[in-house]
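Reading the structure
Residue-level listing of the chains:
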Amino acid sequence: MKLDTKSRIAKRMRGIRGEAAFEMLGRANELERQGRNIIHLEIGEPDFDTPEAIVRAGINWLQKGATHYSPVPGIWELRTEIAQRLSSRHPQKIDPRCVLITPGAKMMIFAIIQSVVDPGDEVICPDPSYPAYEAAIRMAGATPVQVRLEESKEFRFDLNELSRRITSRTKMIVLNSPQNPTGGVLNLDDLRKIADLARKHDLLILSDEIYSEIYYGNPPASILDVPDVLDRVFVVNGFSKIYAMTGWRLGYGVVPADTFSSVELFLNNSVSSTATFTQRAALEAFTPETEKATQNMVAEFRKRRDVFADGLNGISGVHCLKPLGAFYLFPNISRLGLPSEEFANRLLNDAGVAVLPGTAFGDYGEGYLRLSFANSLTNIETALERIRNFVSGV
Ligand code: PLP
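Remember, it's a predicted structure, so these values are computed and weren't measured experimentally. (Residues numbered from 1 in each chain as written. Predicted model: local features only at pLDDT ≥ 70, side-chain atom pairs only at ≥ 80, totals over all residues. Heavy atoms only, no water.)

1. Concerning the nonpolar core
- With 131 residues, the main nonpolar core has Met172, Phe239, Phe308 and Leu312 as its most contacted residues.
- Here this core gets eight residues from one element, more than from any other, and that element is helix 5 (residues 105-116).
- Of the residues that make up this core, three or more belong to each of domain 1 (5-49 + 289-392) and domain 2 (68-285).
- Not counting residues within four places of it along the chain, the set of residues in contact with Phe308 comprises Leu41, Leu329, Leu371, Ser372, Phe373, Ile380, Ala383, Leu384 and Ile387. (Core = buried A, V, L, I, M, F, W, Y, C linked by side-chain atoms within 4.5 Å. Buried < 20%, exposed > 50% of the residue type's maximum accessible area, 1.4 Å probe, protein only. Helix = DSSP H or I, 4+ residues; strand = E, 2+ residues; numbered from the N terminus. Domains from an automatic or database assignment. Contact = heavy atoms within 4.5 Å.)

Here's what the structure looks like:
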């Protein structure tokens, strides 16, 4: 007798949600196929091209035969380059032997969580946050424990609340700063206190710093700026956002020395390794020419952030903090009286603007929307006009 679909699917997959951005993109594309004009503010990727030097290097390395397997943790040259760069920016000496390269930062998050989190463990996550944390935690058989990011604290944690959520089953705290979806940034004092809690309760920390170089004030603090935590910290970063390389699939992590072989084993048994020519091309990311390209991109993001946030704040019932990092706005729309999901659906269908409901990032995202400003100023102006008209009819 044939199993019904529910029985065929592994129990660990039940209740797992994916990134809503991809689903919303599919719906927006479908409307475009029907002839509608849609402004895309749903997907989290720079609208800039990958810097030319990286593209050129990728083509050259393909022609030079960098088309074979790479070592599981990545090519030594890139691991060394990453370790040197991090060591030069933070008061910690990063050992290249603790660096691993993965096909995208998301794979690094997954590999770390599957390697160190057991069924029955609890893992503390910000809410709202990037949905891949919760999915990876649930697939490991563990329980995500949400701690709210407070708008009144510019979307940082209430550290007392964080502390109250720690139990004897807590294994790890997940941090993300600058943050998706809120654009909030944890300061050094927050990170020091979180590290103190981790030491006190013997917890691991996963710090996702993929937006570390996209910021609009002082450079954001990193967990690597906190002394004496390297033995319990996993840092995740990558090339997708800052070098506009989302489709290249290139991320990396720094892991505690005693966990390296487990994370490596996980990668060995899942992806084997990351493409070789992309890793070679990424060596071009750390040159002055590429730095300049990324600085120009961030300067452009800043202009768009200001126009967009100011425009939204001019709409009655909408309140939008100016994000300190990343390229998302997270406006509060709770005074308009529509649940976030209904608002996002109607905004797409009635007004042709694709955004994500805050609830795609957790229950505490109710009352908010996530809008990417990785889009042209012209499109942002049009989106503002459409949102203004839509809100006046709500
Ligand atoms: N971490 C955060 C917070 C993100 O927002 C994203 C992508 O949106 C990722 C990780 C994944 O990056 P990648 O595309 O390199 O897998």
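Still more ground to cover, so stick around.
2. Things to note about the sheet that holds strand 12 (residues 356-357)
- Across the sheet, three strands lie side by side as 10-13-12; this open sheet has antiparallel pairing. Looking along the sheet, the strands with just one partner apiece sit at the ends: strand 10 (328-329) and strand 12. (Pairing = 2+ DSSP bridges.)

3. Considerations on the packing of helix 5 against helix 6 (residues 131-139)
- Two numbers describe how helix 5 lies on helix 6: the axes approach to 9 Å, and their chain directions differ by 30 degrees. With respect to each other, helix 5 and helix 6 are oriented roughly parallel. When you trace helix 5 past helix 6, the crossing you get is right-handed. Two secondary-structure elements touch here, helix 5 through Lys106, Ile109, Phe110, Ile113 and Gln114 and helix 6 through Ala132, Tyr133, Ala136, Ile137 and Met139.
- Partitioning the contact of helix 5 with helix 6 into residue classes produces eight nonpolar, one polar and one charged. (Axes fitted to C-alpha atoms, helices over the stretch in contact; angles between N-to-C directions. Parallel < 35°, antiparallel > 145°, perpendicular 65-115°, else oblique. Left-handed = near helix turned anticlockwise from the far one by under 90°. Nonpolar A, V, L, I, M, F, W, Y, C, P; charged D, E, K, R; others polar.)

4. Notes on the packing of aromatic side chains
- Under the counting rule described, the total for this entry stands at 17 aromatic pairs.
- An angle of 55 degrees between the planes, with centres 4.9 Å apart, marks the rings of Phe327 and Tyr328 as tilted.
- Judged by its relative accessible area of 0%, Phe327 is buried.
- With a relative accessible area of 1%, Tyr328 lands in the buried category. (Phe/Tyr/Trp six-rings, centres within 6.5 Å; stacked < 30°, edge-to-face > 60°.)

5. Structural notes on helix 5
- Between its first and last C-alpha atoms helix 5 spans 17 Å; for 12 residues at 1.5 Å apiece the expected length is 16 Å, and the two agree.
- All of the buried residues along helix 5 are Ala105, Met107, Met108, Ile109, Ala111, Ile112, Ile113 and Val116. (Expected span 1.5 Å × (residues − 1).)

6. Quick look at the sheet that holds strand 4 (residues 143-150)
- Here we have eight strands laid out as an open sheet, ordered 2-9-8-7-6-3-4-5, and mixed in their pairing. What marks the edges here is a single partner per strand, and that holds for strand 2 (99-102) and strand 5 (156-157).
- Lying over the sheet, helix 5 contacts strand 2, strand 6 (170-176), strand 7 (204-208), strand 8 (233-238) and strand 9 (251-254), oriented at roughly 160 degrees with respect to strand 8.

7. Observations concerning the domain arrangement of the protein
- When its domains are assigned, the protein resolves into domain 1 (5-49 + 289-392) and domain 2 (68-285).
- Taking only C-alpha atoms, the centre of domain 1 and the centre of domain 2 are 24 Å apart.
- Facing the 41 residues of domain 1 at the interface are 37 residues of domain 2.
- For the domain 1 and domain 2 pair, buried surface summed over both sides reaches about 3,300 Å², with 59% attributable to carbon and sulfur atoms.
- When residues of domain 1 are sorted by the area they lose upon contact with domain 2, Leu324, Phe361 and Tyr364 head the list and together hold 21% of the total.
- The partner of Arg85 in a salt bridge is Glu291, with the nearest N and O atoms 3.1 Å apart.
- At the boundary of domain 1 and domain 2, one finds 20 residue pairs in polar contact (both at pLDDT 80 or more).
- For the side of domain 1 that touches domain 2, the element with the most residues is helix 11 (residues 288-313), which contributes eight residues. (Buried area = accessible area lost by both parts, 1.4 Å probe. Salt bridge = Lys/Arg side-chain N within 4 Å of Asp/Glu carboxyl O. Polar contact = N/O pair within 3.5 Å; in protein donor to acceptor, adjacent residues only side chain to side chain.)

8. Points about the site of the ligand
- Around the ligand lies a shell of 14 residues, among which Asn180, Asp208, Tyr211, Ser240 and Lys241 are the nearest.
- Within the backbone of Ala105, one N or O atom sits 2.8 Å away from an oxygen atom of the ligand.
- Between the ligand and the protein, one listed contact pairs an oxygen atom with a side-chain N or O atom of Ser240 at 2.6 Å.
- A total of 400 Å² of accessible area belongs to the ligand in isolation, and the protein chains cover 94% of it.
- Considering each element in turn, the shell around the ligand owes the most residues, three residues, to helix 5. (Near = heavy atom within 4 Å. Areas by Shrake-Rupley, 256 points an atom, 1.4 Å probe, with all protein chains shown as cover.)

9. Regarding the pattern of salt bridges
- Taken as a whole and judged by the stated rule, the model has 28 salt bridges.
- Note that Arg33 and Glu30 form a salt bridge whose closest N and O atoms lie 2.9 Å from each other. With Arg33 and Glu30 both in helix 2 (residues 20-33) and three residues apart, the pair spans about one turn of that helix.
- Residue classification places Arg33 among the exposed positions, given a relative accessible area of 62%.

10. Regarding unusual backbone geometry
- A cis amide bond, omega 5 degrees, links Asp127 with the succeeding residue Pro128.
- With respect to the secondary-structure elements, Pro128 resides in the loop between strand 3 (122-127) and helix 6.
- Residues Ser177 and Pro178 are joined by a peptide bond in cis, for which omega reads -10 degrees.
- Relative to the assigned elements, Pro178 resides in the loop between strand 6 and helix 8 (188-201).
- Look at Glu154: it is not a glycine, yet its phi comes out positive at around 50 degrees.
- Take Glu154: it is sitting in the loop between strand 4 and strand 5.
- A relative accessible area of 41% places Glu154 in the partly exposed class.

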